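Structure assessment
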Amino acid sequence: RSWAAISEIAAARAATMAAEEAAEAGRANYKNGDYKAAALCFTEALEDIDAEDTHKLYSNRSACRMHLQDFKGAKEDAESCTALKPSWAKGWARLGAAQGRLGEITEAVASYEKARELDPTCDEYEREAAKLVKPPPRRPPPPLNTVAMAPEPFGALDAPHLLVRVACLAGVVVYATSFTTDAAVLRLKYKSAVRWAVLSALLHAYRAHGVPKLSADYARRLFTDPHAQRLFGVLILLVGSGSLFGLIPVADAEVAALLSQLVTRLRRNVKTRPLSLKLIAKCEGAVLDGSGRVASGVLRRCSLFEVTAALVLLLELATPRRNPILVLLYWQYLQMRCLLERATAGGAAAGPLHEAFFAVDARIVVVVARVPLLAKGYAKLTKLLARQVALPEKGSKPRPRCSIM
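Since this is a predicted model, take the numbers as computed values, not measurements.

**Considering the overall build of the protein chain**
Counting secondary structure elements, the protein chain contains 17 helices and zero strands. Across the 405 residues in the protein chain, those meeting the buried criterion constitute 38%. Long-range contacts, defined as pairs at least 24 residues apart, comprise 60% of the intrachain contacts of the protein chain with a sequence gap of at least 6. Total accessible area computed for the protein chain in this model is approximately 23,700 Å², and 62% of it derives from carbon and sulfur atoms.

In structure tokens, the structure reads:
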């Protein structure tokens, strides 16, 4: 043979040896979990077009790329593998795995079926195909939360909402400090304050939860946000002609939300950031928490005010100011809140509104205990109310509890 032919043979043998060494290094890196280095080694081995078992090198690199989340590259390598050796079942399994991660379910199932056809002894191919066809198990819904007010992201509506809250609080103050006996004037001031409160609640719902959607997730977030729940309460107050006790929890919640909003605005400017820290320090505990958000104590306090307002409305039924429709609507609003709290606590009587009812109940029991007949009647009343807010048993048909809301 000529020296040129001998040189070519020697070069080919050297390249083959280098390819085998690279493939061996790739397998070692793969076992050690270094998939990027393994892929580079298999790429180096594939540069020798005459290497033995080239289809296996493509298969190995496809496996590396699957671990590296390069599903498109893994599919290309698997296709090269099956093109070189269509009778090799593992190559089709590699292709099915890559197609499955790319969302090509029909093609992936077909690839796994091809692998199963070529190797009937391997049950893994059938199991992997079944995983693609079988729908994933439904995740349980996230736990409800009725403790913290949903945060309001800073945006274009921040300044208008701030002004609306100021107007709402001003309206409450004007109504509360009106010493006139003119019912028409009082009703006008009351309606003005409530309308501002309605607008504030609507802005909060939009800023915190976005555009209204007909979805279970949106309804869940909206109905478990105490500030959004209060929208129903202030809408109900529009039915009345004046209820200072009904406006107190609204004003308390708006003050806390206003201060939290001011803290957010002050933090956005380096110069005013120290002022925001001072504001948090002054209001921490009673109104704000350490991060500047509305404290959970505000919700408990507002719940106590709402229960007190509901009792005052009941007592007003014995006066010329009685409003039976307002009483019915407001108590059913509280009933809805109690049901949401029980759903949050897995059916247990727990939550800020339940705590408020327990606190008021304890005081009433002390008073009625002096009269046995009143105590007996009150015990029956509390049992009836407890049944009205009890969640239905699992598997049973829920009974209608709210005739209006």
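**Quick look at a nonpolar patch on the surface**
Nonpolar side chains collect at one region of the surface, where L157, Y206 and V211 lie side by side and expose about 260 Å² of accessible area between them. Secondary-structure assignment places L157 in the loop between α7 (124-133) and α8 (158-176). When its relative accessible area of 30% is taken as the criterion, L157 is described as partly exposed.

**Looking at the environment of G233**
Locating G233 in the fold gives a position in helix α11 (residues 226-237). A sequence separation of 98 residues divides G233 from W331, and the C-alpha atoms of the two residues are 9.9 Å apart.

**Notes on the packing of aromatic side chains**
Evaluation of the coordinates by the stated rule reveals five aromatic pairs. Centroid distance Y175 to Y190: 5.5 Å. Interplanar angle 55°. Geometry classified as tilted. Here Y175, found in helix α8, pairs with Y190, found in helix α9 (residues 183-209); they are 15 residues apart in sequence, far enough to count as distant. Here F223 and F232 contribute two aromatic rings whose centre-to-centre distance is 5.6 Å and whose plane-to-plane angle is 20°, an arrangement assigned as stacked. Since its relative accessible area comes to 29%, F223 is described here as partly exposed. By relative accessible area, F232 is classed as partly exposed at 24%.

**Side note on the pattern of salt bridges**
Counted by the stated rule, this structure contains 16 salt bridges. In this structure, the salt-bridge partner of R265 is D158, at a minimum N-O distance of 2.5 Å. Highlighted residues: R265 in helix α12 (residues 244-267) and D158 in helix α8, separated in sequence by 107 residues. Residue classification places R265 among the partly exposed positions, given a relative accessible area of 32%. Connected through shared salt-bridge partners, R61, R65, D70 and D77 make up one network.

**Notes on the nonpolar core**
Judged by nonpolar contacts, the single largest core of 36 residues is most densely connected at L237, L247 and Y330. Of all the secondary structure elements, the ones that give two or more residues to this core are α8, α9, α11, α12, α14 (296-315), α15 (324-344) and α16 (352-368). In terms of residue count, the dominant contributor to this core is α15 (10 residues). L247 has contacts with V172, Y175, Y190, A193, V194 and L237, leaving out every residue within four places of it along the chain.

**A word on the packing of α12 against α14**
Taken N-terminus to C-terminus, the directions of α12 and α14 make an angle of 165°; their axes are 7 Å apart at the nearest point. It follows that α12 is roughly antiparallel to α14 by the angle criterion. Crossing handedness for the pair α12 and α14: left-handed. Along its contact with α12, which presents F245, G246, I248, P249, D252, A253 and A256, the element α14 presents V298, R301, C302, F305, E306, T308, A309 and V312. Class assignment of the residues belonging to the contact of α12 with α14 gives a composition of 10 nonpolar, two polar and three charged.

**Quick look at a positive patch on the surface**
Positive charge collects at one region of the surface, where K376, K380, K383 and R387 lie side by side. Relative to the helices and strands, K383 resides in helix α17 (residues 372-388).

**Section: the environment of T344**
For T344, the location among the structural elements is in helix α15. It is 8.7 Å that separates the C-alpha atoms of T344 and T224, two residues lying 120 residues apart in sequence.

**Concerning unusual backbone geometry**
Its identity as a non-glycine residue notwithstanding, Q69 has a phi of 65°, on the positive side. With respect to the secondary-structure elements, Q69 resides in the loop between α3 (54-67) and α4 (71-84).

**Things to note about the packing of helix α5 (residues 89-101) against helix α6 (residues 105-118)**
To characterise two packed helices, one gives the angle between the axes of the helices and the distance between these axes. The geometry of α5 relative to α6 is characterised by a closest axis approach of 8 Å and an angle of 165° between their N-to-C directions. In this view, α5 runs roughly antiparallel relative to α6, as classed from their interaxial angle. The element α5 and its partner α6 pack so that their crossing is left-handed. Along its contact with α5, which presents A89, W92, A93, L95, G96, A97, Q99 and G100, the element α6 presents I105, E107, A108, S111, Y112, K114, A115 and L118. For the contact of α5 with α6, the class distribution of residues is 10 nonpolar, four polar and two charged.

**Details of α8**
In this model α8 runs 27 Å from its N-terminal to its C-terminal C-alpha over 19 residues, within 8% of the 27 Å that 1.5 Å per residue would give. Tucked into the core, α8 has its buried residues touching α9, α11 and α12.

**Topic: the confidence of the model for the protein chain**
Considering every residue of the protein chain, the mean pLDDT works out to 81; 85% of them sit at 70 or more. For the protein chain, the element scoring lowest by mean pLDDT is helix α1 (residues 3-31), at 64; α8 scores highest, at 92. Note on residues 1-7: pLDDT is under 50 here. Beyond four places in sequence and across chains, it has two contacts. Throughout residues 9-15 the model reports pLDDT below 50, and contacts reaching past four residues in sequence, or to other chains, amount to two contacts.

**Some details on the side chain of S243**
Note on placement: S243 falls in the loop between α11 and α12. Those residues in contact with S243 that lie beyond four places of it in its chain are Y175, Y190 and L313.

About the thresholds
- Sequence positions are assigned chain by chain, starting from 1 and proceeding in written order.
- At least 70 in pLDDT is required for a residue's local features to be given in this predicted model, at least 80 for side-chain atom pairs to be given and counted, and no such filter applies to totals for whole chains, interfaces and linings, which use all residues.
- With hydrogens and water excluded, all non-hydrogen atoms of the structure serve as input to the side-chain values.
- The way it works is that DSSP assigns letters per residue, a run of H or I at least four long becomes a helix, a run of E at least two long becomes a strand, and they are numbered from the N terminus.
- Three exposure classes are used, based on accessible area relative to the maximum for each residue type with a 1.4 Å probe and protein chains only: buried under 20%, partly exposed in between, and exposed over 50%.
- By definition, residues are in contact when any of their heavy atoms lie within 4.5 Å.
- Values of accessible area rely on a 1.4 Å probe in the Shrake-Rupley scheme; residue burial ignores everything except the protein chains shown.
- For patch detection, residues must exceed 30% relative accessible area and be free of salt bridges, and they are connected within 9 Å for like charges or within 5 Å for nonpolar side chains (Val, Leu, Ile, Met, Phe, Trp, Tyr).
- Salt bridges are defined by distance alone: a side-chain nitrogen of Lys or Arg within 4 Å of a carboxyl oxygen of Asp or Glu.
- Any two of the Phe, Tyr and Trp rings considered here, Trp counted by its six-membered ring, make a pair once their centres fall within 6.5 Å; the pair's planes then place it as stacked at under 30 degrees, edge-to-face at over 60, or tilted in between.
- The criterion is simple. A nonpolar core is a set of buried Ala, Val, Leu, Ile, Met, Phe, Trp, Tyr and Cys residues joined through side-chain atoms within 4.5 Å.
- Helix axes are fitted to C-alpha atoms over the stretch in contact, other axes to C-alpha atoms as well, and angles between N-to-C directions run from 0 to 180 degrees.
- Here the word oblique covers every angle except those under 35 degrees (roughly parallel), over 145 (roughly antiparallel) and from 65 to 115 (roughly perpendicular).
- Left-handed describes a crossing whose near helix is turned anticlockwise from the far helix through less than a right angle; right-handed describes the clockwise counterpart.
- Note on residue classes: Ala, Val, Leu, Ile, Met, Phe, Trp, Tyr, Cys and Pro are nonpolar, Asp, Glu, Lys and Arg are charged, and everything else, Gly too, is polar.
- Neither His nor the chain termini are counted; the positive set is Lys and Arg, and the negative set is Asp and Glu.
- Here the site of a charge means NZ on Lys, CZ on Arg, CG on Asp, or CD on Glu.
- In a helix, the anticipated span is given by 1.5 Å times the number of residues less one.
- Think of pLDDT as the predictor's per-residue confidence, scored from 0 to 100.

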